[in-house]
Amino acid sequence: YVVTDLERKTRIAFIYKDCLSLSENNFFTQHRNLFLKALTRNENVDVSYYLCEKDFSIDKIKGKTDAILLYEDQNYWANCVPDELIGIQNSTVPVIVKIGDPWDGTKYDVKSSQEKYKIDGYFGTYATDFFYKYYPKNFKYKCILYGIEPSLYENVNPYENRIKGKILNSGAIASRKITNRIFAKLTKGENDPMKHYKLRTMCNNLPYVDYTTTLGHEYVGDKYSLLLQKYTAAIAATTDIYTIKYFEMPAAGCLTFMEVSEKNHATNLGFEDGKNAIFINEKNYTEKFQEYLQDIDNPKWKQIADMGREYSMKNFNNDNGVATLLEFIKEFL
């Protein structure tokens, strides 16, 4: 019996350098879990891992792989990709990369990186329109929604056993000091925290909001879900584009107050206000919080949280992400 091309697994070579972003000690582990765990679980994928120190010669995988997968398209921040793929210009193997924060594309030459690694396709969790704000229109991009590693969210702390008089707010925020605001506006450009976290920052003025910085607690990386499970309610608020927090908070069983606007593309995620999340914006957020806090034992809150958990676990898990990534890779084969 001869295995046909249709039946054969897709061979993927993940080429990477030892870096913090792929470490279990990093403050976020969504990408590590996608690349190093979920890829190995897909029955239609045969993934090989190639750890290199600096450069990598394509000759090592000649005839052994169908596609090359890279952590990102450059080493501006994460430093996870080879400095050079030796021989890539003479290779016909497609190269697929995850993007970092798209606005970082204003700090390096994305076209030069595309040519250097001979990149065929880009993917990430960011909305397609948002990607093309910063990248050339002729680059091929796929929005893939992933980030939930199922084993980390399978057995969550029951809703009724959680802190319910406070609402959790976590992650980076902007400084509200006027001197810091002026400095950030003049010097930070696309990295100005207020551009990304305006509403999240505003929420911190409220006495019933418990705030922790990204690294201000022990629950980093894979442990983040344990922090979420301490609270019945949490805030997912990013001003210009949704983040993986929008998937993690509902998956952890939190009633999720979710910033949703035409600007931040969160409507693309498919959540429904009052059904599996509570939508907030800069005009109504205090009103929405009060509605919850003044009727905190109403069973409808748990019902919304449960529906949000079910929706997030189903739609944003890493296994679905790998399946969609595989479909994308096959477009180049």
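Reading the values: rules and limits
- Residues numbered from 1 in each chain as written.
- Predicted model: local features only at pLDDT ≥ 70, side-chain atom pairs only at ≥ 80, totals over all residues.
- Heavy atoms only, no water.
- Helix = DSSP H or I, 4+ residues; strand = E, 2+ residues; numbered from the N terminus.
- Buried < 20%, exposed > 50% of the residue type's maximum accessible area, 1.4 Å probe, protein only.
- Contact = heavy atoms within 4.5 Å.
- Areas by Shrake-Rupley, 256 points an atom, 1.4 Å probe, with all protein chains shown as cover.
- Lys, Arg positive; Asp, Glu negative; His and termini not counted.
- Charge placed at Lys NZ, Arg CZ, Asp CG, Glu CD.
- Pairing = 2+ DSSP bridges.
- Axes fitted to C-alpha atoms, helices over the stretch in contact; angles between N-to-C directions.
- Disulfide = S-S within 2.5 Å.
- Salt bridge = Lys/Arg side-chain N within 4 Å of Asp/Glu carboxyl O.

### Some points on the overall build of the protein chain
Scanning the protein chain from terminus to terminus reveals ten helices and 13 strands. Over its C-alpha atoms, taken along the principal directions, the protein chain stretches across nearly 65 × 55 × 35 Å. Burial statistics for the protein chain: of 333 residues in total, 53% are counted as buried. Sequence separation of 24 or more characterises 73% of the internal contacts of the protein chain that already satisfy a separation of 6 or more. When the accessible surface of the protein chain is totalled, it reaches about 15,900 Å², and 48% of it is carbon and sulfur. For the protein chain, the separation between the mean place of its 43 positive charges and that of its 44 negative charges on side chains is 3 Å.

### A look at the sheet that holds strand 2 (residues 45–52)
Spatially, the six strands line up as an open sheet ordered 2-1-4-6-7-8, and their pairing is parallel. Of all strands in the sheet, those with a lone pairing partner are strand 2 and strand 8 (141–143), marking the two edges. On average, each strand axis in the sheet is tilted by 25° relative to the strand beside it, whichever way the strands run. As paired elements, strand 4 (residues 67–70) and strand 6 (residues 95–98) share three bridges and run parallel to each other.

### Describing unusual backbone geometry
If you check the backbone angles, Asn79 has positive phi at about 55° while not being a glycine. Mapped onto the secondary structure, Asn79 falls in the loop between strand 4 and strand 5 (84–86). Residue Asn79 is classed as partly exposed on the basis of its relative accessible area, which comes to 37%. The phi dihedral of Lys118 is positive, around 50°, even though this residue is not glycine. Residue placement: Lys118 occurs in the loop between helix 2 (110–116) and strand 7 (121–124). With a relative accessible area of 31%, Lys118 lands in the partly exposed category.

### Remarks on the state of the cysteines
Following the criterion strictly, the structure yields one disulfide and no others. The disulfide bridge from Cys19 ends at Cys80, spanning 2.0 Å between sulfur atoms. When the S-S torsion is 100°, as for the bridge of Cys19 with Cys80, the disulfide is right-handed. Taken together, the residues span a long stretch of sequence, with Cys19 in the loop between strand 1 (10–17) and helix 1 (30–41) and Cys80 in the loop between strand 4 and strand 5 at a distance of 61 residues.

### Quick notes on the environment of Val95
Relative to the assigned elements, Val95 resides in strand 6. In the structure, Val95 is positioned 22 residues away from Tyr117 in sequence and 7.5 Å away in space, judged by C-alpha atoms. Discounting residues that sit within four places of it in the chain, Val95 has contacts with Ile68, Leu70, Ile88, Tyr117, Lys118, Ile119, Asp120 and Gly121.

### Details of the sheet that holds strand 9 (residues 167–170)
Pairing between the strands of a sheet is mediated by backbone hydrogen bonds and can be parallel or antiparallel. Strand order in this open sheet of five strands is 10-9-11-12-13, and the pairing throughout is parallel. Two strands close off the open sheet at either side, each with one partner strand: strand 10 (209–212) and strand 13 (278–280). Pairwise comparison of adjacent strand axes, ignoring direction, gives a mean angle of 25° for this sheet. Here four bridges tie strand 11 (residues 233–236) to strand 12 (residues 255–259), and the two strands are oriented parallel to one another. In the sheet register, Ala236 faces strand 12, and the bridge partner there is Met258. Helix-sheet contacts for helix 8 (residues 285–293) involve strand 9, strand 11, strand 12 and strand 13, and the interaxial angle to strand 13 is about 150°.

### Things to note about the pairing of strand 4
By the alternation rule, side chains of strand 4 split into Ala67 and Leu69 and Ile68 and Leu70, which are all buried. Here strand 1 pairs with strand 4 via three bridges, running parallel. Bridging from a neighbouring strand, Ile12 pairs with Ala67 of strand 4.

### Let's talk about the pattern of salt bridges
A side chain with one charge can pair with a side chain of the opposite charge if their charged atoms come near. Taken as a whole and judged by the stated rule, the model has 15 salt bridges. Taking the shortest distance from any N to any O, the salt bridge between Asp222 and Lys37 comes out at 3.8 Å. With a gap of 185 residues between them, Asp222 in the loop between strand 10 and helix 6 (224–228) and Lys37 in helix 1 connect regions that are remote in the sequence. The exposure class of Asp222 is partly exposed, given its relative accessible area of 22%. On the accessibility criterion, Lys37 (30% relative accessible area) is partly exposed. With a shortest N-O distance of 3.4 Å, Lys198 and Glu282 are connected by a salt bridge. One end of the pair, Lys198, is in helix 5 (residues 193–203); the other, Glu282, is in the loop between strand 13 and helix 8, and 84 residues separate them in sequence. Salt bridges linked by common partners bring Arg8, Arg11 and Asp66 together as one network.

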